[in-house]
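# Remarks on the overall topology
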Amino acid sequence: VTTRLVWSGTGANVLALASALRPAECVVCAEGAHIAVDETGAPERILGAKLLTLPAPDGKLRPEQLEPLRHLIGAEHHAQPGVLSLTQSTELGTRYLPEEIAALCRIAHGHGLTVHMDGARFANALSALGCSPAEMTWRAGIDILSFGASKNGALAAEAILVFRQDLADTLRKL
């Protein structure tokens, strides 16, 4: 695991996503994802990448929503899905169980996508679900985590945890 400390959650998300995106790729996320609704457009503005939002009435994406993305892969007139971003806990307070994360990661990786977890409320999800950080991240297939501490009272204490060496190498160059 490679860890990089950053000054804000938005900064953590933008840098994490930047390390995973290639030209013409987009980020797939829930319509109510933290990166889509709470960061004043920073991910799209700074990354220059589209956020492809999918319906998620309870804040959580479902595996069956990822399968239709296959038709975009290689289609030259569409932004290419490059990253799946999951918000844990969601903006609605719902949480992905480790097995739900693993199912989404299997499909995303099968499509060639990197999986990012926006962990602005990661500690809250761990506490509520009673699982370990490993169970909710790298063991489930998460490639990169934006770990938030600000929402738990810390000041300017956010981190990016990278579970893949190629992403760590790219992040180091940003």
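Below, the structure is looked at part by part.

Calculation criteria
- Chains are numbered independently. Their residues run from 1 in the order of the written sequence.
- Only residues with pLDDT of at least 70 get local features here, since the model is predicted, and only at 80 or more are side-chain atom pairs given and counted; chain-wide, interface and lining totals rely on the full set of residues.
- Side-chain descriptors were evaluated using all non-hydrogen atoms of the structure, hydrogens and water having been removed beforehand.
- Only buried residues count toward a nonpolar core. Its members are Ala, Val, Leu, Ile, Met, Phe, Trp, Tyr and Cys residues joined through side-chain atoms within 4.5 Å.
- Three exposure classes are used, based on accessible area relative to the maximum for each residue type with a 1.4 Å probe and protein chains only: buried under 20%, partly exposed in between, and exposed over 50%.
- By definition, residues are in contact when any of their heavy atoms lie within 4.5 Å.
- A helix here means a DSSP run of H or I that spans at least four residues, while a strand means a run of E at least two residues long, and both kinds are numbered starting from the N terminus.
- Whether two strands pair depends on DSSP finding at least two bridges between them.
- Interaxial angles span 0 to 180 degrees and are taken between N-to-C directions of axes, which are lines fitted to C-alpha atoms, for helices over the stretch in contact.
- By definition, the arc is the one covered by directions from the helix axis to the C-beta atoms.

Counting 48 residues, the largest nonpolar core has Val28, Leu61, Leu84, Leu86, Ile101, Met136 and Ile160 as the members making the most contacts within it. The contacts of valine 28, once residues within four sequence positions are left out, are Leu52, Leu54, Leu66, Leu69, Pro81, Val83, Leu84, Ser85 and Leu113.

In this section: unusual backbone geometry. Residues glutamine 88 and serine 89 are joined by a peptide bond in cis, for which omega reads -10°. Position of serine 89 among the secondary structure elements: in the loop between strand 4 (80–87) and helix 5 (98–110). The phi dihedral of alanine 24 is positive, around 70°, even though this residue is not glycine. As for its position among the elements, alanine 24 is in the loop between helix 1 (9–20) and strand 2 (25–30). Positive phi is not limited to glycine here, since threonine 40 has a value of about 45°. With respect to the element layout, threonine 40 can be found in the loop between helix 2 (34–37) and helix 3 (42–47). Of the residues examined, threonine 40 reaches a relative accessible area of 84% and is grouped as exposed.

A word on the sheet that holds strand 4. With mixed pairing, seven strands are arranged side by side in an open sheet as 1-7-6-5-4-2-3. The sheet terminates laterally at strand 1 (2–6) and strand 3 (51–54), the two strands that pair on one side only. The mean angle between the axes of side-by-side strands here comes to 20°, regardless of whether they run parallel or antiparallel. Here four bridges tie strand 2 to strand 3, and the two strands are oriented parallel to one another. Opposite alanine 30, over in strand 3, you have leucine 54 as the bridge partner.

To continue, consider the pairing of strand 6 (residues 144–147). As judged from the four bridges shared by strand 5 (residues 114–119) and strand 6, these two strands associate in the parallel manner. The residue of strand 6 that forms the bridge with glycine 119 is phenylalanine 147. Sheet topology note: the strand 6/strand 7 (residues 158–162) ladder contains four bridges and is antiparallel. Bridge pairing in strand 7 places phenylalanine 147 opposite alanine 159.

Here the focus is helix 8 (residues 165–173). Considered for burial, the residues of helix 8 that qualify are Leu167, Ala168 and Leu171. For helix 8, the buried positions fall inside an angular range of 100° around the axis, keeping them on one side. Each element contacted by the buried residues of helix 8 is listed here: strand 1, helix 1, strand 5, strand 6 and strand 7.

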